[in-house]
Amino acid sequence: ICSDKTGTLTEGKMTMVNMYAGTVAYDVEGKGFDPTVGRIKREGSEKDGASDIAVRSALLSAVLCCNTTISKVKDAETGEEKWEPKGNSSEAPIV
């Protein structure tokens, strides 16, 4: 898996925006760590890549090698629920 991180300085968190699997490049879209928002598509097209076996295999391998988890928590200041990673900050974008 090859990833590019953004938001590290401005938000203090990393996100995955690109990945390569099975010699194919993919764009990764989403918002923060919310697993219900976003998608994976083949680079330069609108073709969905989330069901590609190479993508699924690469992400499964990555998750099995990570100790990081993502869970929904309530923000103490606003009372809003948000997704928050616990563990290694460089693994969170993959999970």
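Just so you know, these numbers come straight off a predicted model, no measurement behind them.

A. Structural detail: the nonpolar core. Residues Met-16, Met-19, Ala-21, Tyr-26, Val-28, Ile-40, Val-55 and Ala-58 constitute the largest nonpolar core, which totals 8 residues. Elements represented by at least two residues in this core include exactly strand 1 (18-21), strand 2 (24-29) and helix 1 (53-64).

B. Up close: the pattern of salt bridges. Inspection of every chain in the model, using the stated rule, returns 8 salt bridges. Residue Lys-41 pairs with Glu-46 through a salt bridge whose shortest N-O separation is 3.1 Å. For Glu-46, a relative accessible area of 56% translates into the label exposed. One salt bridge connects Asp-75 with Lys-82, and the closest N-O pair in it is separated by 3.6 Å.

C. Representation of unusual backbone geometry. Although it is not a glycine, Thr-23 sits at a positive phi angle of roughly 65°. Here Thr-23 lies in the loop between strand 1 and strand 2.

D. Up close: the environment of Val-55. If you trace the backbone, Val-55 turns up in helix 1. The buried category is assigned to Val-55, whose relative accessible area is 0%. With 33 residues separating them in the primary sequence, Val-55 and Gly-22 have C-alpha atoms 7.7 Å apart. Each residue touching Val-55, except ones within four places of it in the same chain, is listed here: Met-19, Ala-21, Tyr-26, Ile-40, Gly-49 and Ala-50.

Definitions and limits used
- Residues numbered from 1 in each chain as written.
- Predicted model: local features only at pLDDT ≥ 70, side-chain atom pairs only at ≥ 80, totals over all residues.
- Heavy atoms only, no water.
- Core = buried A, V, L, I, M, F, W, Y, C linked by side-chain atoms within 4.5 Å.
- Buried < 20%, exposed > 50% of the residue type's maximum accessible area, 1.4 Å probe, protein only.
- Helix = DSSP H or I, 4+ residues; strand = E, 2+ residues; numbered from the N terminus.
- Salt bridge = Lys/Arg side-chain N within 4 Å of Asp/Glu carboxyl O.
- Contact = heavy atoms within 4.5 Å.

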